[in-house]
Amino acid sequence: MKAAILNAPDQLTVDDIPEPQAEPGDLILKMRAATICGTDIRIYRGRKTAGVRYPSVIGHEFSGEVVVAAGGFSLGQRISVCPPIPCGGCVYCQRGLENLCPYLQAIGYEIDGGFAEYIRIPARAVEMGNAFALPQHVSYEEAALIEPMACVLNGQNKVRLGLGETVVILGSGPIGTLHVKLARLRGAGRILVSEPNAARRQIALESGADVAIDPSACDLREAVLAETGGLGADVVICAIGIPALASQAITLARKAGRVSLFAGFSKGEQSALDVNAIHYDELIVTGAFGLSRRDYGDSMRLIADGRIDVASMISHRFDLTDCVDAFHAAENGDAMKVAVLNA
C-alpha cells in the first residue's frame, strides 16, 4: 500500500509498504480522509518526539471504511477513531483523567496512523470503545475533524468558559478557529481574537468572533483593555505554541481570570510568567492536553447535530500520493485545514 513514511525529522516520503495484517479483534480501515494537525507538523520537523518512532506512519485525525471487521462493526461501515488508547486501570484513568494515562498509546504515534491507504485499529482500542460509528450524513472529512474539536472541548472544559464571559483567543489557525466556534456555542458574551494573518482574522470573524485584532499593528494589552472596559478578559486561551504568548496571556486576564495554555510547546521551551500577577490577581493558569473518549463522543455529536460547522474549514485537499505537498501547504500558513484523501 501507499503510505507517507516519516523516516527522520524533515524526512517524509510517500512509499510502498506492506498492508497491515489484522490480529484477532483488530479492525482494518481503508483511510478515506486524514487531516493535518499542527502537531503533525511539529513531529515532521522534529520539534515533538514523545511517542514518535522512525520510520513510522503519523496522522491521528482520520476516518475510514471497515475492510476487516471486528468488535461488532461490519464490512463497509463508516467509522472514525479516537486515537489515544488509555490503559483503563491506572490512578489517572480511574479518576477520569485518561488523557494523562502514563501508559497511553496513540494511533499516529506509538501505533501507525492515518496517512496511509489502510490503518490497523488494535483490538485493545476496539475493546475500549475508541472506534465510533459515523452517522451517514457526516462526511469523512468532517469525521477527521472530530479529534481536534474534542481537544478544544477538553480545553474549554478545563478553563470553564461560561455563559456571558469575555474570552481572548491568541491565534486563529485551525485550533483557534475551533475555539471561536465552540466559545460562541457556549454563549460567550464577547470573543476577541489576536491574529497577525489578515485572512485568518477574517475567518475568525466569520466563525463568530466579535473583534479580530492584529497584534503587529497595536499594543495587544491596550486593545484588550479597551474592549473590556479596562478589566481584561475572563478567559484567555493560548491557541498557538509560542512561549512568549504564554507570558503575554497572563497580562490580558482580569483579576480572578483564567488562562489556558492550550497549544503544545516544543520540548525544552520556557516562558517567563509574571508570578506576582498570578498571585495577587488570583489568576488560574491551566494546561490542556489531548482528549478523552468522552470528549470524542461529545465532539462527534456537536458536529453531527450541526451545532459546530467544521466542513467549511477544509481549505485544501490532496491525494495521499501528494502527502508531502499537503504538509508543505499546511505549514506555510495560507491554508486553514488540509485534508489528505484516499479515494
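The structure under discussion appears in the preceding block.
Basis of the calculations
Residues numbered from 1 in each chain as written. Predicted model: local features only at pLDDT ≥ 70, side-chain atom pairs only at ≥ 80, totals over all residues. Heavy atoms only, no water. 1 Å grid on protein atoms, 1.4 Å probe; cavity = no way out; pocket = protein on both sides within 12 Å on 5 of 7 lines; lining within 4 Å. Points joined across faces, edges and corners; volume = space filled by probe spheres on them. Helix = DSSP H or I, 4+ residues; strand = E, 2+ residues; numbered from the N terminus. Nonpolar A, V, L, I, M, F, W, Y, C, P; charged D, E, K, R; others polar. Patch = residues over 30% accessible without salt bridge, like charges linked within 9 Å, V, L, I, M, F, W, Y side chains within 5 Å. Areas by Shrake-Rupley, 256 points an atom, 1.4 Å probe, with all protein chains shown as cover. Salt bridge = Lys/Arg side-chain N within 4 Å of Asp/Glu carboxyl O. Buried < 20%, exposed > 50% of the residue type's maximum accessible area, 1.4 Å probe, protein only. Phe/Tyr/Trp six-rings, centres within 6.5 Å; stacked < 30°, edge-to-face > 60°. Axes fitted to C-alpha atoms, helices over the stretch in contact; angles between N-to-C directions. Parallel < 35°, antiparallel > 145°, perpendicular 65-115°, else oblique. Left-handed = near helix turned anticlockwise from the far one by under 90°. Contact = heavy atoms within 4.5 Å. Lys, Arg positive; Asp, Glu negative; His and termini not counted. Polar contact = N/O pair within 3.5 Å; in protein donor to acceptor, adjacent residues only side chain to side chain. Core = buried A, V, L, I, M, F, W, Y, C linked by side-chain atoms within 4.5 Å. Pairing = 2+ DSSP bridges.

## Overview of the layout of surface pockets
Okay, so step 1: Roughly 190 Å³ of volume is contained in the second largest pocket.
Okay, so step 2: Elements supplying a minimum of two residues to the lining of the second largest pocket: helix 5 (146-159) and helix 11 (293-304).
Okay, so step 3: Ranked by the residues each element gives to the lining of the second largest pocket, the list is headed by helix 11, at four residues.
Okay, so step 4: A class-by-class count of the residues in the lining of the second largest pocket yields one nonpolar, five polar and six charged.

## Structural notes on a nonpolar patch on the surface
Okay, so step 1: Residues Val 91, Tyr 92, Leu 100 and Phe 289 make up a contiguous nonpolar surface patch of roughly 380 Å² in combined accessible area.
Okay, so step 2: Looking at the secondary structure, you find Leu 100 in the loop between helix 2 (91-94) and strand 7 (105-106).
Okay, so step 3: We classify Leu 100 as partly exposed; its relative accessible area is 42%.

## A short note on the packing of aromatic side chains
Okay, so step 1: Counted under the stated rule, the structure contains three aromatic pairs.
Okay, so step 2: Considering the side-chain rings of Phe 115 and Phe 327, the 5.4 Å spacing of their centres and the 75° angle between planes classify their relative orientation as edge-to-face. Separated by 212 residues along the polypeptide, Phe 115 in the loop between strand 7 and strand 8 (118-121) and Phe 327 in helix 12 (residues 323-331) bring together distant segments of the chain. In terms of burial, Phe 115 and Phe 327 fall into one category: buried.
Okay, so step 3: Relative to Tyr 296, the ring of Phe 132 has its centre 4.9 Å away and its plane inclined at 40°; by these criteria the two rings are tilted.

## A look at the packing of helix 5 against helix 11
When two helices pack together, their arrangement is given by the angle between the helix axes and by the axis-to-axis distance.
Okay, so step 1: The interhelical angle for the contact between helix 5 and helix 11, taken along N-to-C directions, is 110°, at an axis separation of 8 Å. With respect to helix 11, the axis of helix 5 lies roughly perpendicular. Viewed along their axes, helix 5 and helix 11 form a crossing whose handedness is right-handed. On helix 11, the residues touching Ile 146, Glu 147, Met 149, Ala 150, Leu 153, Asn 154 and Asn 157 of helix 5 are Asp 295, Tyr 296, Asp 298, Ser 299, Met 300 and Ile 303.
Okay, so step 2: Looking at side-chain class alone, the contact of helix 5 with helix 11 contains seven nonpolar, three polar and three charged residues.

## Examining the side chain of Arg 78
Okay, so step 1: As for its position among the elements, Arg 78 is in strand 5 (residues 78-81).
Okay, so step 2: Buried and unpaired, Arg 78 has Glu 142 as its nearest opposite-charge partner, separated by 6.9 Å.
Okay, so step 3: Of note is the side chain of Arg 78, whose polar atom sits 2.3 Å from the backbone oxygen of Val 138.
Okay, so step 4: With sequence-adjacent residues up to four places away left out, Arg 78 is seen in contact with Gly 64, Phe 132, Ala 133, Leu 134, Pro 135, Gln 136, Val 138, Ser 139 and Tyr 140.

## A word on the pattern of salt bridges
Okay, so step 1: Counted by the stated rule, this structure contains 17 salt bridges.
Okay, so step 2: We note a salt bridge from Lys 2 to Asp 16, for which the minimum N-O separation is 3.4 Å. Of this pair, Lys 2 sits in strand 1 (residues 2-8) while Asp 16 is found in strand 2 (residues 11-16), placing the two residues 14 residues apart along the sequence.
Okay, so step 3: On the accessibility criterion, Lys 2 (31% relative accessible area) is partly exposed.
Okay, so step 4: With a closest N to O distance of 2.8 Å, Glu 331 and Arg 45 form a salt bridge.

## Focus: the nonpolar core
Burial of nonpolar side chains together is a common tendency in soluble globular proteins.
Okay, so step 1: Ranked by internal contacts, the top residues of the largest apolar core, which has 49 residues, are Leu 27, Ile 36, Phe 115, Ile 121 and Phe 327.
Okay, so step 2: At five residues, the largest contribution of residues to this core is made by helix 12.
Okay, so step 3: Formed by 44 residues, the second largest nonpolar core is a distinct cluster that contains Ala 143, Val 167, Val 193 and Ala 304.

## Here we look at the sheet that holds strand 13 (residues 233-238)
Okay, so step 1: The six strands are arranged 12-11-10-13-14-15 in an open sheet whose pairing can be described as parallel. Two strands bound the open sheet, and with one partner strand each, they are strand 12 (211-213) and strand 15 (284-287). Averaged over neighbouring strand pairs, the angle between their axes works out to 15° when direction is ignored.
Okay, so step 2: Across four bridges, the pairing between strand 14 (residues 253-261) and strand 15 is parallel. Bridged to Leu 261 within strand 15 is Gly 287.
Okay, so step 3: Helix 8 (residues 220-227) contacts strand 10 (166-170), strand 11 (190-194), strand 12 and strand 13 of the sheet and is inclined by roughly 165° relative to strand 11.

## Digging into unusual backbone geometry
Okay, so step 1: In this structure, the amide linkage connecting Tyr 54 to the following residue, Pro 55, adopts the cis form with an omega of -10°.
Okay, so step 2: Note that Pro 55 resides in the loop between helix 1 (38-44) and strand 4 (62-68).
Okay, so step 3: A positive phi angle is found at Asp 10, which is not glycine, with a value near 70°.
Okay, so step 4: Mapped onto the fold, Asp 10 is located in the loop between strand 1 and strand 2.
Okay, so step 5: A relative accessible area of 44% means that Asp 10 is categorised as partly exposed.
Okay, so step 6: The phi angle at Arg 160 is positive, at roughly 60°, despite the residue not being glycine.
Okay, so step 7: Summarising the element assignment, Arg 160 is placed in the loop between helix 5 and strand 10.

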